[in-house]
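As a plain string of letters, each chain reads:
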Amino acid sequence: MGAEIKWNHPRYKSLLFVDRAAQLILKLAGHKDKELSLYLTTDQDIAQINQQWLGRQGPTNVISFSQPEHTASRLLGDIVISLDTAEREAKLAQTTLQNRLTALMIHGMVHLLGYDHEGSDGEQIVFEKKEKELIKALTGEKIMADLCINVDHVATVRQARGGVEPDPVAAAVLVELAGADGIVVHLREDRRHIQDRDVELLRQTIQTRLTLEMAATDEMIKIASKVQPDIVTLVPEKREELTTEGGLDVASLEKEITKAVARLHEASIPVSLFVDPEPGQIEAAKRTGAECIEIHTGRYAEAISAEEQDREFDQIAEMASLAADLGLRVHAGHGLNYQNSARLASVAEIVEFSIGHSVVSRAVLVGMERAVKEMLSLVKKGRIV
Ligand code: PXP
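Residues numbered from 1 in each chain as written. Predicted model: local features only at pLDDT ≥ 70, side-chain atom pairs only at ≥ 80, totals over all residues. Heavy atoms only, no water.

Participant: Where do I start with the overall build of the protein in this structure?
Facilitator: Scanning the protein for helices and strands turns up 16 helices and 12 strands. With the principal axes as the frame, the protein shows a C-alpha extent of 75 × 70 × 40 Å. For the protein, the residues scored as buried account for 44% of the 385 residues in total. Only carbon and sulfur atoms are counted for the fraction: they give 53% of the accessible area of the protein, which is about 20200 Å². Side chains of the protein give 44 positive and 59 negative charges; the mean places of these two sets differ by 5 Å. (Helix = DSSP H or I, 4+ residues; strand = E, 2+ residues; numbered from the N terminus. Buried < 20%, exposed > 50% of the residue type's maximum accessible area, 1.4 Å probe, protein only. Areas by Shrake-Rupley, 256 points an atom, 1.4 Å probe, with all protein chains shown as cover. Lys, Arg positive; Asp, Glu negative; His and termini not counted. Charge placed at Lys NZ, Arg CZ, Asp CG, Glu CD.)

Right under this line is the structure:
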């Protein structure tokens, strides 16, 4: 279930926040299990729709079409919005297109809920009250997810030579300056990339939030209790794996994980559990007392066919919704890159993404030209030409 969005505009092909806002509005209106069709179009097109269906002249900002009540369809109705009018209205009100479009979606939704404002004064008052209620509920929700960057692989390059550069702490400062919402590091038992010193220095340096990924071992719990990251994400760890291969099997290890969660809570550290998108794992995660889960997005990221990716996407969206209903905060990560992240960002319940390898990989490439030019200027200095 959710919102199906169609775009018909020469300048706008998609806007990420619209997907998220539409899903949130559906949820806040109490119709999470229904479908909403949202059509974002031009003035010219909406004028035609206005004429054909309502017998009115000219363009307008929003038109709603409710699904007749007796139909068994899961479709709640259609909302048509003119992006041209929304854009003009945003300018006039000195607000952003995002705010204006969100207000229009809410207006359309209130109509779909059966309210009207064109009858008596009383009806108008009730309509506006409902509209305000939804706006208030929505502003309490986050529309944009946070992005936390994992800098492990900056340390991987450093460890390749066993020297001091590149320093993941310096990288973390640049990540923050670029606007990321947090820094993530995984302190592995074998210390293959991040070192104890990195975690300690990051704690003293970064201004956003520090997420420490770790195995639920006694050694790691002691380190976390001393360093005091903002949150710990418990992950499974196998020495021979190249990267974290699967989610924590919380369903089988419930007793041990519950103890680890309790010890971290004693040290005042909130806990997230890295789990596969499976109902049994999510329900077990809730029982451990953890306040958050991070959904393992590996299967989605590695899907080869479009059908497989669709299937994995639906599974993640469904599990994110289940976790949020259980009162868990939902994060997601693993294998996300410049091709597959935007689609997941439309899942309203996911409030934080943890992305590492693809960002560090791109940083190496986009920084290459400058790095070579700087070295060239040094090497060529020695030449008399
Ligand atoms: N989340 C967790 C729990 C992880 O273990 C990792 C990999 O270190 C990530 C997110 C980030 O994955 P990637 O490096 O593929 O973006």
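Text resumes after the structure shown.
Participant: Would you mind showing me how to read the sheet that holds strand β11 (residues 329–333) here?
Facilitator: Two modes of strand pairing occur in sheets, parallel and antiparallel, and in both the strands are linked by backbone hydrogen bonds. Strand order in the closed barrel made by the eight strands is β5-β6-β7-β8-β9-β10-β11-β12, with parallel pairing throughout. The average angle at which neighbouring strand axes cross in this sheet is 25°, direction not considered. One ladder, built from four bridges, connects strand β9 (residues 271–275) with strand β10 (residues 292–296); its direction is parallel. The partner of F274 across the bridge, within β10, is E294. Helix α13 (residues 306–325) rests against β10, β11 and β12 (350–355) of the sheet, and its axis sits at about 175° to β10. (Pairing = 2+ DSSP bridges. Axes fitted to C-alpha atoms, helices over the stretch in contact; angles between N-to-C directions. Contact = heavy atoms within 4.5 Å.)

Participant: I tried to follow the pattern of salt bridges on my own but got confused; where do I start?
Facilitator: Between side chains of opposite charge, pairing is possible as soon as their charged atoms come close. Within the structure shown, the criterion is met by 26 salt bridges. In this structure, D84 engages R11 in a salt bridge whose closest nitrogen and oxygen atoms are separated by 3.8 Å. On the criterion of sequence distance, the pair formed by D84 in helix α3 (residues 83–92) and R11 in the loop between β1 (2–7) and α1 (16–28) is long-range, its members being 73 residues apart. By relative accessible area, D84 is classed as buried at 15%. Here R11 falls in the exposed class, since its relative accessible area comes to 51%. E312 is the salt-bridge partner of R299, the closest N and O atoms lying 3.2 Å from each other. Pair noted here: R299 is in helix α12 (residues 298–302) and E312 is in helix α13, with a separation of 13 residues, a long-range link. R299 sits in the partly exposed class, given a relative accessible area of 38%. Residues joined by salt bridges that share partners form a network here, namely D146, R209, R329 and E352. (Salt bridge = Lys/Arg side-chain N within 4 Å of Asp/Glu carboxyl O.)

Participant: Help me out: how do you make sense of the nonpolar core in this one?
Facilitator: Side chains of a nonpolar character, in soluble globular proteins, are inclined to be buried together. Counting residues in each nonpolar core, the largest one holds 60 residues, and the members touching the most others are M214, L234, L264 and L273. Dropping the residues within four chain positions of it, L234 is found in contact with M214, A215, A216, L248, I257, A260, V261, L264, V271, S272, L273 and F274. One finds L24, L40, I79 and L83 within the second-largest nonpolar core, a separate group that totals 33 residues. (Core = buried A, V, L, I, M, F, W, Y, C linked by side-chain atoms within 4.5 Å.)

Participant: Whenever I open this one, the domain arrangement of the protein confuses me. Can you help?
Facilitator: Accessible area lost upon the coming together of the parts serves often as the stated size of an interface. Each domain of the protein was delimited in the assignment, giving domain 1 (2–139) and domain 2 (146–381). Centre-to-centre, using C-alpha coordinates, domain 1 lies 37 Å away from domain 2. Contact between domain 1 and domain 2 buries roughly 680 Å² in total, counting both sides, with carbon and sulfur atoms accounting for 44%. Of all residues in domain 1, L16, R20 and K32 give up the largest surface area on contact with domain 2, accounting jointly for 65% of the area buried on that side. On the surface where domain 1 and domain 2 come into contact, there are one salt bridge. Ionic pairing is found between D325 and K32, a salt bridge with its closest N-O pair at 2.7 Å. Summed over the shared surface of domain 1 and domain 2, the number is seven residue pairs in polar contact (both at pLDDT 80 or more). Class assignment for the residues of the side of domain 1 that touches domain 2 results in two nonpolar, one polar and four charged. (Domains from an automatic or database assignment. Buried area = accessible area lost by both parts, 1.4 Å probe. Polar contact = N/O pair within 3.5 Å; in protein donor to acceptor, adjacent residues only side chain to side chain. Nonpolar A, V, L, I, M, F, W, Y, C, P; charged D, E, K, R; others polar.)

Participant: Would you mind showing me how to read the sheet that holds β1 here?
Facilitator: Strand order in the open sheet formed by four strands is β1-β2-β4-β3, and the pairing between neighbours is mixed. Of all strands in the sheet, those bounded by a partner on one side alone are β1 and β3 (62–66). Between one strand axis and the next, the sheet turns through 15° on average, direction left out of account. Examined bridge by bridge, β3 and strand β4 (residues 75–82) share five bridges and lie antiparallel to one another. Paired with S64 across the bridge in β4 is I79. Sitting on the sheet, α1 is in contact with β1, β2 (35–41) and β4, with an inclination near 145° to β1. Contacting β2, β3 and β4, helix α4 (residues 97–112) crosses the sheet at an angle of about 140° to β4.

Participant: Would you mind going over the pairing of β4 with me for this structure?
Facilitator: Side-chain positions along a regular strand alternate between the two faces of the sheet. When you tally the buried positions in β4, you get six out of eight residues, the bulk of the element. In the sheet, β2 pairs with β4 via seven bridges, with the strands oriented parallel. Counted as the bridge partner of Y39 is V80 from β4.

Participant: Sorry, what's going on with unusual backbone geometry here?
Facilitator: That bond from E165 to P166 is cis: its omega, -5°, falls within 30 degrees of zero. Inspection of the secondary structure assignment puts P166 in the loop between α6 (152–161) and α7 (168–177). The phi dihedral of Q228 falls on the positive side, at around 60°, and the residue is not glycine. At S268, a residue that is not glycine, the phi angle is positive and equals roughly 65°. As for its placement among the helices and strands, S268 is situated in the loop between α10 (254–266) and β9.

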